[in-house]
Amino acid sequence: MIYEHILYALDRGVVRLTLNRPERLNCFNDAMHAEVRDALARVRAESNVRVLLLTGAGRGFCAGQDLSDRAVTPGASQVDLGASIERNYRPLILALRNLPLPVVCAVNGVAAGAGANLALACDLVVATRSASFIQAFCKIGLVPDSGGTYFLPRLVGSARAMGLALLGDKLSAEQAVQWGLIWKCFDDAAFAAEVDALTSALAAAPTRGLAAIKRALQASEGSTLDAQLALERDLQRELGYSEDYREGVAAFLGKRPPQFSGR
Ligand code: T3D
């Protein structure tokens, strides 16, 4: 597939997927959704990908759904938003969550509506200090989608989730870090270098182990202690036979840096 609305680049194990409609703050139309779906399938299929980096072109990260595709003209039939969610947003969020490798979101500017929750669905979210997060849905009579009602209370607690979702106020990246909504924010000038350092470190790490950590932490969100203990046992058993575990132990005992292959 030739991409018109995203950029896709693989370099040293890191796929950089850039939402690329900067004149509209990278908001989603159906074509961009189809391209992102194709790109995520490609990431899954390529054996040498060890990290996915999601970011946006220009001054914004993503402003959610393209509302110019939702203008209602007199006499025209209205769009079934449930069908749009089912076709586009739900599979997108599930694909990111189920990818067996770390997904980093580099929020380079405003993240609004489904754009904000797309970021929250990623495993590590970093932002420029000038970035912001807006649960814009309430301003147009909608409910937070793309996992917003799932991620928000789990990340920041129900009082803050309610405030963000009911008021739709802009939350600064610094406040988002303080509230535990995202991992870190960096000065804008240092952002690219910090993101490179983060993704390079993850690309050199034991990929299967990281995928298992992601799976176990996700599972704990709806699980019991006993079920988690059983899952940890099963994952540890599996990882104990991996090349990266053998390399990690050998490197530790040999007092040398490990060279993980991701296998
Ligand atoms: O519909 C379904 O399928 C259901 C799923 C829905 C999921 C959703 O995401 S619903 C929520 C949709 N998003 C929003 O409501 C956010 C709308 N955007 C904004 O509120 C503001 O643009 C921002 C707060 C994000 C940024 O404000 P600001 O002042 O920095 O920029 P701006 O001037 O508003 O935007 C720049 C341009 O991008 C502007 O175009 P123009 O005037 O220069 O030609 C603006 O219209 C355009 N733009 C920004 N967001 C959207 C958009 N165009 C279409 N759709 C957008 N979502």
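Rules used in this analysis
Residues numbered from 1 in each chain as written. Predicted model: local features only at pLDDT ≥ 70, side-chain atom pairs only at ≥ 80, totals over all residues. Heavy atoms only, no water. Helix = DSSP H or I, 4+ residues; strand = E, 2+ residues; numbered from the N terminus. Contact = heavy atoms within 4.5 Å. Pairing = 2+ DSSP bridges. Axes fitted to C-alpha atoms, helices over the stretch in contact; angles between N-to-C directions. Phe/Tyr/Trp six-rings, centres within 6.5 Å; stacked < 30°, edge-to-face > 60°. Buried < 20%, exposed > 50% of the residue type's maximum accessible area, 1.4 Å probe, protein only. Lys NZ or Arg CZ within 6 Å of the ring centre and 35° of its normal. Core = buried A, V, L, I, M, F, W, Y, C linked by side-chain atoms within 4.5 Å. Patch = residues over 30% accessible without salt bridge, like charges linked within 9 Å, V, L, I, M, F, W, Y side chains within 5 Å. Areas by Shrake-Rupley, 256 points an atom, 1.4 Å probe, with all protein chains shown as cover. Salt bridge = Lys/Arg side-chain N within 4 Å of Asp/Glu carboxyl O. Expected span 1.5 Å × (residues − 1). Arc of directions from axis to C-beta.

**Things to note about the side chain of S146**
Piece 1. Looking at the secondary structure, you find S146 in the loop between β8 (132-134) and α4 (148-156).
Piece 2. Excluding residues within four positions of it along the chain, S146 makes contact with Y89, I93, A114, N117 and F151.

**Here's the deal with the sheet that holds strand β2 (residues 14-19)**
Piece 1. One open sheet accounts for six strands, arranged β1-β2-β3-β5-β7-β10; its pairing is mixed. Unpaired on one side and paired on the other, β1 (6-11) and β10 (184-186) mark the two borders of the sheet. Mean inter-strand twist for the sheet, computed between neighbouring axes without regard to direction, equals 20 degrees.
Piece 2. Lying on the sheet, helix α7 (residues 191-203) is in contact with β2, β3 (51-56), β5 (103-107), β7 (124-128) and β10; it crosses β7 at an angle near 165 degrees.

**As for the packing of aromatic side chains**
Piece 1. Tallied over the entire structure, the rule returns three aromatic pairs.
Piece 2. When the centroid spacing of 6.1 Å and the interplanar angle of 70 degrees are considered together, the rings of F28 and Y89 count as edge-to-face. Note that F28 is positioned in the loop between β2 and α1 (30-45) and Y89 in helix α2 (residues 81-98), a separation of 61 residues in sequence.
Piece 3. Judged by relative accessible area, Y89 falls into the buried class, the value being 3%.
Piece 4. With centroids separated by 5.4 Å and ring planes inclined at 90 degrees, the aromatic side chains of Y150 and F151 adopt a geometry described as edge-to-face.
Piece 5. Judged by its relative accessible area of 6%, F151 falls in the buried class.
Piece 6. When the ring centre of Y8 is taken as reference, the NZ or CZ atom of R42 above it lies at 3.8 Å.
Piece 7. Across the ring face of Y150, the terminal group of R154 is positioned such that the distance to the ring centre comes to 3.8 Å.

**Digging into the nonpolar core**
Piece 1. In this structure, L19, L52, F61, V107 and F133 are the most contacted members of the largest nonpolar core, which totals 49 residues.
Piece 2. In this structure V107 touches F61, A119, V125, V126, A127, T128, A131, F133 and F191, once residues within four positions along its chain are discounted.
Piece 3. Counting 12 residues, the second largest nonpolar core, distinct from the first, contains V104, V126, F191 and L198.

**Let's talk about the pairing of β1**
Piece 1. Pairing between β1 and β2: six bridges, direction antiparallel. For I6, the partnering residue across the bridge sits in β2 and is L19.
Piece 2. Where β1 hands over to β2, the hairpin turn is made up of two residues, of which R12 adopts a positive phi near 45 degrees.

**Here we look at a nonpolar patch on the surface**
Piece 1. Taken together, the side chains of L67, V79, L81, I140 and L142 present a nonpolar region at the surface, about 410 Å² in accessible area.
Piece 2. Inspection of the secondary structure assignment puts L81 in helix α2.
Piece 3. What makes L81 partly exposed here is its relative accessible area of 34%.

**Some details on the pattern of salt bridges**
Piece 1. For the structure shown, the criterion picks out 15 salt bridges.
Piece 2. Between R129 and E174 there is a salt bridge, with the nearest N and O atoms lying 2.7 Å from each other. Taken as a pair, R129 in the loop between β7 and β8 and E174 in helix α6 (residues 173-179) lie far apart in primary sequence, 45 residues in all.
Piece 3. According to the relative accessible area criterion, R129 is partly exposed, its value standing at 34%.

**Comments concerning the environment of G163**
Piece 1. Counting through the fold element by element, G163 comes out in helix α5 (residues 158-167).
Piece 2. Note on G163: relative accessible area 28%, which makes it partly exposed.
Piece 3. Along the primary structure G163 and Q135 are separated by 28 residues, whereas in three dimensions their C-alpha atoms are 9.8 Å apart.

**Description of helix α9 (residues 225-240)**
Piece 1. Over its 16 residues, α9 extends 22 Å from the first C-alpha to the last, a length consistent with the 22 Å expected when each residue adds 1.5 Å.
Piece 2. Among the residues of α9, those classed as buried are Q228, L231, L235 and L239. On an axial view of α9, the arc spanned by its buried residues comes to 70 degrees, and they lie on one face. Across from the buried face of α9, at angles greater than 90 degrees, the exposed residues are D226, Q236 and R237.
Piece 3. Against the buried residues of α9 lie α8 (207-220) and α10 (243-253).

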